[in-house]
Amino acid sequence: AASVTSAVFVGQSVGTLCLGYMGDRMGRKPAFLVTAGIICLFGLATSFCNTLFGLVLCRFMVGFGVGGLTVPFDTFAEFIPNSHRGRDLIKIE
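Residues numbered from 1 in each chain as written. Predicted model: local features only at pLDDT ≥ 70, side-chain atom pairs only at ≥ 80, totals over all residues. Heavy atoms only, no water.

**Student:** Even after reading the chapter, I still don't get the overall build of the chain, so can you show me in this structure?
**Tutor:** Scanning the chain from N- to C-terminus turns up five helices and zero strands. Scanning the chain from its N terminus toward the C terminus, one meets helices and strands in the order α-α-α-α-α. Counting across all 93 residues of the chain, residues that qualify as buried make up 26%. Excluding contacts between residues fewer than 6 apart, the proportion of contacts in the chain whose partners are at least 24 apart in sequence is 61%. On the chain, roughly 6,100 Å² of surface is accessible, and the fraction owed to carbon and sulfur atoms is 70%. (Helix = DSSP H or I, 4+ residues; strand = E, 2+ residues; numbered from the N terminus. Buried < 20%, exposed > 50% of the residue type's maximum accessible area, 1.4 Å probe, protein only. Contact = heavy atoms within 4.5 Å. Areas by Shrake-Rupley, 256 points an atom, 1.4 Å probe, with all protein chains shown as cover.)

**Student:** For this particular structure, what's the right way to read helix 1 (residues 2-26)?
**Tutor:** What sets the pattern is the α-helix's 3.6 residues per turn: residues three or four places apart point alike. The end-to-end C-alpha distance of helix 1, which contains 25 residues, comes to 35 Å, matching closely the 36 Å that a straight helix rising 1.5 Å per residue would cover. Of all bends in helix 1, the biggest is about 30 degrees, found at glycine 15. Of all the residues in helix 1, the buried ones are Val4, Ala7, Gly11, Gly15, Leu19, Gly20, Met22 and Gly23. Buried residues in helix 1 make contact with helix 2 (28-46), helix 3 (52-67) and helix 4 (70-78). Of the residues one or two after helix 1, glycine 27 is the one with positive phi, at around 110 degrees. (Expected span 1.5 Å × (residues − 1). Bend = angle between axes of the 7 residues up to and from the residue.)

**Student:** Any chance you could explain the pattern of salt bridges here in plain terms?
**Tutor:** Oppositely charged side chains can pair when the atoms bearing their charge come close. Considering all chains together, one arrives at two salt bridges under this definition. Ionic pairing is found between glutamate 78 and arginine 28, a salt bridge with its closest N-O pair at 2.9 Å. Placement of glutamate 78 in helix 4 and of arginine 28 in helix 2 is noted, with a sequence separation of 50 residues between them. Overall, arginine 28 belongs to the partly exposed group, its relative accessible area being 36%. We note a salt bridge from arginine 87 to aspartate 88, for which the minimum N-O separation is 3.4 Å. Overall, the relative accessible area of 21% leaves aspartate 88 in the partly exposed class. (Salt bridge = Lys/Arg side-chain N within 4 Å of Asp/Glu carboxyl O.)

**Student:** In this structure, what is going on with the packing of helix 1 against helix 2? I would like to understand it.
**Tutor:** To describe two helices that pack against each other, one gives the angle between their axes and the distance between the axes. Relative to each other, helix 1 and helix 2 sit at 145 degrees, their axes nearing to 7 Å. Between helix 1 and helix 2, the residues in contact are Leu19, Met22, Gly23 and Met26 and Arg28, Pro30, Ala31, Val34 and Thr35, respectively. The class makeup of the residues in the contact of helix 1 with helix 2 is six nonpolar, two polar and one charged. (Axes fitted to C-alpha atoms, helices over the stretch in contact; angles between N-to-C directions. Nonpolar A, V, L, I, M, F, W, Y, C, P; charged D, E, K, R; others polar.)

Below is the structure:
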């Protein structure tokens, strides 16, 4: 059970680096669409896993996608007025 949970966190760390870079290079919208696709695809694939290795791999990929959720958070932050930005971002964290 610990390996499954750890896989999500390791995937999230790697995903933040890769998908954040992708968001900078290709734009935030394509990066967000890839992020959403990864989470949906591998979240669904998790339900069909019948081996521990497959489960850990799918959960790693879900974590990878979750790591990309920093991209829309940055987009949201740009639309909040400076006077409210800190307070409002803390509320959604």
